[in-house]
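What follows is each chain in one-letter form.
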Amino acid sequence: MKISAFTATSAVGVGKTALADALAQSRSGLRANDFGASPLPTWIGRVDGLEELRLPEELAAWDCRNNRLAWLGLQADGFMEAVAAARKRYGPTRIALILGTSTSSIGETELAYTQLADGAFPADQQRPKVHTPHSLSLFVQQALGLEGPSETISTACSSSAKVFASAERLIRLGLVDAAVVGGVDTLCGSVLFGFNSLELVSPEPCRPFDAARNGISLGEAAGFALLERGRGPLELLGYGEASDAHHMSTPHPEGLGAEKALDDALARAGLAAAAIDYINMHGTASTKNDEVEGALVARRFPGTTHASSTKGFTGHTLGAAGIVEAVISLLAIETGLKPGNVNTTTLDAECGPQIKLRPARGEVRHALSNSFGFGGNNCSLVFGKGAAE
Amino acid sequence: MTTTNKTPTLYIEGPAFWAATLPGWEIASAVFRGDGAPADPPAKRPSPQLLAPAERRRAPDTVALALEVAGAAVAASGRNAADLPCVFASAHGDLGINDYMCGTLAADPLLLSPIKFHNSVHNAAVGYWTIGTGCMAASNSLAAYESSFASGLLEAAAQCAADQRAVLLAGYDMPAVGALASVTTSREMLAVALVISPTRSARTVASFEWSLAAGALPATPVRSDAARALRVNAMADALPLFEALARGESESLSLPLSATLSLQVQLQPELQLEALS
């Protein structure tokens, strides 16, 4: 199944070029937290310009930070034009829209709670389709003029990885001819103060796989991909989905769910672990995730595999992390750029030789992207270099 | 390009249902057939046996609802929950926790409870389900506003058909709480579940053909007063299918996925050995 268009917008900038430049130059997009009225002492991956962005008149009823970021992300890299061409090719009802998000428009609901009049939302917040998880997909469906099946996947930090699996099934079964997949999550009080309450937030820029790592940096991002049946230069080769069956907010100590997802993804791709040239790891810089995931990569991959976490560039963008890191994996295949880890200085001794601090260049035939979420929800994706049409 | 490959016939096992007035499939199916009366007084809240007693009391409403029907569906299917990939659908997630989160953030964000925060993720219910049953298969949690059941059914059917593996589907929503009730219209509690299998088994209650249809087709209406009273819940788009399963007749159902697309389901009941005896 081919990927005919893709894009990502995050703290390092709008679109693929800004992202590729940041990755090549090991330039982090994190900044000291300046979000909200009483910012916690942490670092964030904030997207510039959302406060001033205005949605077009016909979409104005959808206004909220998350939908603004979705709109900004859709403008980049000719993505809307690629979807418009697909819509012409297949018809709007033959293109599915499957997006992932962990918090969708909850930031707007938080805002409405500071504006209550007699315990009720004020008139301009009487927008039931905004104050609900499906807001993101309803908005994007209208913005892109799509009429195929649409769902919002919300499995925390694996959300926008799993969208590839759901889309692949609909296309394989012939229910649709193409799918727009992706995800958008924005900074909001729920995640900043929520992760803080779990003591998972670092007071410094996050340092994935560093021996002295001390927590995550939250971020926001939007990313999209257009999936179509057939061969192409970039292909989705496999996906794996599995559950930890262990704990709501702590990974399985031996990474069994993550390993099941990896095995499923490799099996569907028909590849051995050694065929993977680049791994974009989940690598949140939380003590536990990196310990478990580092051990998994160390025991399953040869020392020559190049692996890194890009959370130091973008922050942990939660429900958008899957698509952002899928885009980074696709860029690795397209350009040969294998990113390093930014902010990390001393790798944890328990990590294997796969995890690299510095970027490298070389042919990437196959890339793996890992996304793991609360509730023990794991997804691995395998992308590959396909046949040019 | 409107050609659609024919999707494979799939099979339904273990329909499960919970609402305060219809607490369980036995009473719900009888009422939908016109053979019984709703519970009076209504039940308070489901009490899923999967959770330990202390957890059962502390569980958010959506977790209690989802685990109750998921457990009933898997028990009725005779399958092992640990083997079943699961698709959980909810239009709004836990509106009680959303109200708590937004209220606390407006008042004093540093007081946010870490347990409430990790329970606030949309996939909390399916997370607790996989933890409680030891299920390491794929698990999913999705939302699609007022088409959340139909979208969950499409997701589960696609997964079942694509991988030729039985899938558990659960759908649940709860009433809006606090200030959210001034904008979110969901009321009452409603939860449904079933197992979709690629093959017929001794526990099959119905087979179904399924396809997508473009155009503004009218949704199959609910027929019973008891189901009509539950249309205030955001999972109400599940009601026509469960009414049809209760009636046990061959039927064509149209479940809207949006204003311009619907999931068409041709339901064919299986003869039940119990019913013949």
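Residues numbered from 1 in each chain as written. Chains lettered and ligands numbered in written order. Predicted model: local features only at pLDDT ≥ 70, side-chain atom pairs only at ≥ 80, totals over all residues. Heavy atoms only, no water.

## So, the overall build of chain B
- The secondary structure content of chain B amounts to ten helices and eight strands.
- For 277 residues, the compact-globule formula gives about 19 Å, and the C-alpha radius of gyration of chain B, at 18 Å, lands near that figure.
- Expressed along its principal axes, the backbone C-alpha trace of chain B runs to roughly 55 × 45 × 40 Å.
- Going through the 277 residues of chain B one by one, you find that 59% of them count as buried.
- Taking the intrachain contacts of chain B between residues at least 6 apart in sequence as the baseline, contacts between residues at least 24 apart amount to 71%.
- Per element, the accessible surface of chain B, about 10,400 Å² overall, is 54% carbon and sulfur.
- Each charge class in chain B can be summarised by its mean position, and for the 17 positive and 24 negative side chains these summaries are 3 Å apart. (Helix = DSSP H or I, 4+ residues; strand = E, 2+ residues; numbered from the N terminus. Rg over C-alpha atoms; globule rule 2.2 N^0.38 Å. Buried < 20%, exposed > 50% of the residue type's maximum accessible area, 1.4 Å probe, protein only. Contact = heavy atoms within 4.5 Å. Areas by Shrake-Rupley, 256 points an atom, 1.4 Å probe, with all protein chains shown as cover. Lys, Arg positive; Asp, Glu negative; His and termini not counted. Charge placed at Lys NZ, Arg CZ, Asp CG, Glu CD.)

## Some remarks on the overall build of chain A
- Along chain A, the regular secondary structure elements total eleven helices and 16 strands.
- For 389 residues, the compact-globule estimate of 2.2 N^0.38 gives 21 Å, and chain A sits close to it at 19 Å.
- Over its C-alpha atoms, taken along the principal directions, chain A stretches across nearly 60 × 50 × 40 Å.
- Looking at chain A as a whole, 68% of its 389 residues are labelled buried.
- By sequence separation, contacts in chain A at least 24 residues apart represent 77% of the contacts at least 6 residues apart.

## A closer look at the pattern of salt bridges
- Across all of its chains, the model carries 37 salt bridges over all chains by this definition.
- Notably, a salt bridge pairs B:Arg45 with B:Asp61, separated by 2.7 Å at the nearest N-O pair. Here B:Arg45 is found in the loop between α1 (25-33) and α2 (53-58), whereas its partner B:Asp61 is found in helix α3 (residues 61-77), with 16 residues between them in sequence.
- One continuous salt-bridge network, built from bridges that share partners, spans A:Arg31, A:Asp34, A:Arg46, A:Asp48, A:Glu51, A:Arg65 and A:Glu220. (Salt bridge = Lys/Arg side-chain N within 4 Å of Asp/Glu carboxyl O.)

## Points about the packing of helix α6 (residues 159-172) of chain A against helix α11 (residues 321-335) of chain A
All names here are of chain A.
- Remark: α6 packs on α11, axes separated minimally by 5 Å, with the N-to-C direction vectors making an angle of 70 degrees. Of the possible angle classes, the one that applies to α6 and α11 is roughly perpendicular. Residues Ser160, Ala161 and Phe164 of α6 form the contact with α11, whose participating residues are Ala321, Gly322, Ile323 and Ala326.
- Taken together, the residues that form the contact of α6 with α11 break down as five nonpolar, two polar and no charged. (Axes fitted to C-alpha atoms, helices over the stretch in contact; angles between N-to-C directions. Parallel < 35°, antiparallel > 145°, perpendicular 65-115°, else oblique. Nonpolar A, V, L, I, M, F, W, Y, C, P; charged D, E, K, R; others polar.)

## Examining the sheet that holds strand β3 (residues 31-32) of chain A
Residues and elements named next belong to chain A.
- With respect to topology, three strands assemble into an open sheet ordered β3-β4-β8, the strand pairing being mixed. The open sheet has two edge strands, β3 and β8 (218-219), and neither has a second partner.
- Of the pairings in the sheet, the one linking strand β4 (residues 43-45) to β8 comprises two bridges and is parallel in character. Paired with isoleucine 44 across the bridge in β8 is leucine 218. (Pairing = 2+ DSSP bridges.)

## Concerning the nonpolar core
- Among the nonpolar cores identified, the biggest contains 99 residues, and A:Ile3, A:Phe164, B:Phe17, B:Phe149, B:Trp210, B:Phe242 and B:Leu267 are the most heavily contacted of them.
- Considering every element that reaches this core, the biggest residue donor is helix α7 (residues 148-163) of chain B, with ten residues.
- Setting aside residues no more than four positions away along its own chain, B:Leu267 makes contact with B:Ile12, B:Ala206, B:Ser207, B:Phe208, B:Leu241, B:Ala244, B:Leu245, B:Glu249, B:Ser250, B:Glu251 and B:Leu253.
- Among the nonpolar cores identified, the runner-up in size contains 67 residues, and A:Ile44, A:Phe374, B:Val63 and B:Phe117 belong to it. (Core = buried A, V, L, I, M, F, W, Y, C linked by side-chain atoms within 4.5 Å.)

## Let's talk about empty space enclosed by the protein
- What the rule picks out here adds up to three cavities of 30 Å³ or more.
- Empty space within the largest cavity amounts to approximately 390 Å³.
- When residues of the lining of the largest cavity are traced back to their parent elements, those giving at least two are α4 (106-113) and α7 (189-197) of chain A together with α4 (95-107) of chain B.
- Its residues assigned to classes, the lining of the largest cavity comprises 14 nonpolar, 15 polar and one charged.
- Estimates place the volume of the second largest cavity at around 100 Å³.
- Considering the residues around the second largest cavity, the lining is formed by A:Ile98, A:Pro149, A:Ser150, A:Glu151, A:Ser166, A:Arg169, A:Leu170, B:Ser151, B:Leu154, B:Glu155, B:Ala158 and B:Leu257.
- If you list the elements that add at least two residues to the lining of the second largest cavity, you get β6 (150-153) and α6 of chain A together with α7 of chain B.
- Among the elements that make up the lining of the second largest cavity, the one with the highest residue count is α7(B) (four residues).
- By residue class, the composition of the lining of the second largest cavity is six nonpolar, three polar and three charged. (1 Å grid on protein atoms, 1.4 Å probe; cavity = no way out; pocket = protein on both sides within 12 Å on 5 of 7 lines; lining within 4 Å. Points joined across faces, edges and corners; volume = space filled by probe spheres on them.)

## Here's the deal with the pairing of strand β7 (residues 251-258) of chain B
All names here are of chain B.
- Two strands pair when backbone bridges link them, and β7 and strand β8 (residues 261-269) are joined in this way by seven bridges, in the antiparallel orientation. The residue bridging leucine 255 from the neighbouring strand is leucine 263, located in β8.
- Following β7, the chain reverses through two residues before pairing antiparallel with β8.

## Section: the confidence of the model for chain B
- Looking at chain B, the pLDDT average stands at 95 and 96% of residues meet or exceed 70.
- Within chain B, helix α10 (residues 273-276) of chain B has the poorest average pLDDT of any element, 50, and strand β4 (residues 167-173) of chain B the best, 99. (pLDDT = per-residue confidence, 0-100.)

## Looking at the packing of aromatic side chains
- This model, assessed by the stated rule, comprises 14 aromatic pairs over all chains.
- Judged by centre distance (6.5 Å) and plane angle (55 degrees), the rings of A:Trp62 and A:Phe139 are tilted. Taken together, the residues A:Trp62 in the loop between β4 and α2 (65-75) and A:Phe139 in helix α5 (residues 135-144) connect sequence positions 77 residues apart.
- On the accessibility criterion, A:Phe139 (0% relative accessible area) is buried.
- Ring geometry for A:Phe195 versus A:Phe374: centroids 5.6 Å apart, planes at 50 degrees, classification tilted. Here A:Phe195 is found in helix α7, whereas its partner A:Phe374 is found in the loop between β15 (366-373) and β16 (377-385), with 179 residues between them in sequence. Considered together, A:Phe195 and A:Phe374 belong to a single accessibility category, that of buried residues.
- In this structure an aromatic cluster arises from ring pairing among B:Phe17, B:Trp25, B:Phe32, B:Phe149 and B:Phe242.
- Over the aromatic face of A:Phe6 sits the side chain of A:Lys16, whose NZ or CZ is 3.8 Å from the ring centroid.
- The ring of B:Tyr100 is capped by B:Lys116, whose NZ or CZ atom sits 5.1 Å from the centre of that ring. (Phe/Tyr/Trp six-rings, centres within 6.5 Å; stacked < 30°, edge-to-face > 60°. Lys NZ or Arg CZ within 6 Å of the ring centre and 35° of its normal.)

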